[in-house]
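One letter stands for each residue in the lines below.
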Amino acid sequence: MREITMRDALREAIDEEMARDETVFLMGEEVAEYHGAYKVSRGLLDKYGAKRVIDTPITENGFTGVGIGAAMSGLRPIVEWMTFNFAFQAIDQVINNAAKTRYMSGGQFKVPIVFRGPNGPAEWLGAQHSQSCGSFYAHVPGLKVVAPSTPYDAKGLLKTAIRDDNPVIFMEGELAYGNKGEVPEEEYTIDFGKADIKRQGKDVTIITYGNCIKHVLPALTELESRGIDAEFIDLRSLNPIDEQTIYDSIIKTNCCVVVDEAWPIASVGSYVAWLISKNCFDELDAQVELVASEEVPMPYNHTLELAVQPTVEKVIEAVEKVMYLN
């Protein structure tokens, strides 16, 4: 094992898959000459050349469509959006073409394509460039949606995504690229639909995904100091969702807090809370609590920006509520 950053883990996954399979290529804004907006693709242009690491114009709708066509023709594109906020320009291509083509062709066309880039709240970027987009895509049949929280998960999930014959939405925390974690030297992959229990516990279940881990991990430390033994589940995969791991944990702890940096209405977090309420009703000692961002556009003012998002304090308060401690 060695400690590397999230961006290095992503680069290793792309590099190894491009070396393994010559049909894999990377395209997107500034991925080649500039090495990627977040430097994930550093060095790949020199190694693989301009036919496999392709700078595109600032036309998300256009190059996303080109990627889908390439996937239908037998290639395996990795389409990097500079941010998922810009991907709204291409959402028709993703939902009406990538997600539905295999179904509507009766399986005659596969669409092995990965759409990846930074997602979620950043800092001082304002309402149009700082939002969590997972539920937009998890809602759509035909798309697989993953959101890693650690370098280990990022590398293993991205390799799986590139090898999948279906379109995969791969959401990377915009503020997580510099986060470090241990990654094996040997090759590995991580299956979709497999949540990770990152901490075993018996008193309460806390569920989240992606960069929301930054709110949960400090909360776990504080809760432990108060004698609360919390179990922490990282979904990793938003569609498909690993329901069984969630239910097994609720049977053990009897109470749950879900943390999601998206808005609460029709979010992944609210769906998970509903699943638990529906399928574990008799196991619950209290209603499931959802900690989400406030239902407002992201403020530019940094104090307000932090205030509307989940926080360590909000997670702890929710845990105390489901455990009847406040």
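The structure displayed is predicted, hence computed values, not measured ones.

J.: Please clarify how the domain arrangement of the protein should be interpreted in this entry.
T.: Much of the literature gives interface size as the accessible area that the parts lose upon coming together. Under the domain assignment, the protein is made up of domain 1 (3-182) and domain 2 (196-322). Taken together, the contacts link 29 residues of domain 1 with 23 residues of domain 2. Of the roughly 2,100 Å² buried between domain 1 and domain 2 on both sides combined, carbon and sulfur atoms contribute 56%. When the area that domain 1 buries against domain 2 is broken down by residue, the three leading residues are P121, W124 and S149, summing to 25%. Connecting domain 1 to domain 2 are 2 salt bridges. For the salt bridge of D153 with K198, the shortest nitrogen-to-oxygen distance reads 2.8 Å. At the junction of domain 1 and domain 2, the tally comes to 10 residue pairs in polar contact (both at pLDDT 80 or more). Residue assignment for the side of domain 1 that touches domain 2 shows that the elements contributing at least two residues are α6 (134-138), β6 (144-146) and α7 (151-163). Among the residues making up the side of domain 1 that touches domain 2, the classes are represented as 15 nonpolar, 11 polar and 3 charged.

J.: When you look at the pattern of salt bridges in this model, what are you seeing that I'm missing?
T.: All chains considered together, the criterion is met by 30 salt bridges. For D164, the salt bridge goes to K144, with nearest N and O atoms at 2.8 Å. Taken as a pair, D164 in the loop between α7 and β7 (168-173) and K144 in strand β6 lie far apart in primary sequence, 20 residues in all. Its relative accessible area of 24% is what places K144 among the partly exposed residues.

Here is what the cut-offs are and how they apply
Residue numbers here run from 1 along each chain, matching the order of that chain's written sequence. It should be noted that, the model being predicted, local features are given only for residues of pLDDT at least 70 and side-chain atom pairs only at 80 or more, the latter also being counted only at that level, while totals for whole chains, interfaces and linings use all residues. Excluded from the side-chain calculations are hydrogens and water; all other atoms, namely the structure's heavy atoms, are used. What marks off one domain from the next here is an automatic or database domain assignment. Two residues form a contact once any of their heavy atoms are found within 4.5 Å. Accessible-area loss on putting two parts together, using a 1.4 Å probe and summing over both, is the definition of buried area adopted here. Any carboxyl oxygen of Asp or Glu that lies within 4 Å of a side-chain nitrogen of Lys or Arg is treated as forming a salt bridge with it. Nitrogen and oxygen atoms within 3.5 Å of one another constitute a polar contact, given that in protein one can donate a hydrogen and the other can accept it, and given that sequence-neighbouring residues count only through two side-chain atoms. Under the scheme used here, helices are H or I runs from DSSP no shorter than 4 residues and strands are E runs no shorter than 2 residues, and both carry numbers assigned from the N terminus. Basically, the charged four are Asp, Glu, Lys and Arg, the nonpolar ten are Ala, Val, Leu, Ile, Met, Phe, Trp, Tyr, Cys and Pro, and anything else, Gly included, counts as polar. In this scheme, a residue with accessible area under 20% of its type's maximum is buried, one over 50% is exposed, and one in between is partly exposed, where area comes from a 1.4 Å probe on protein chains only.

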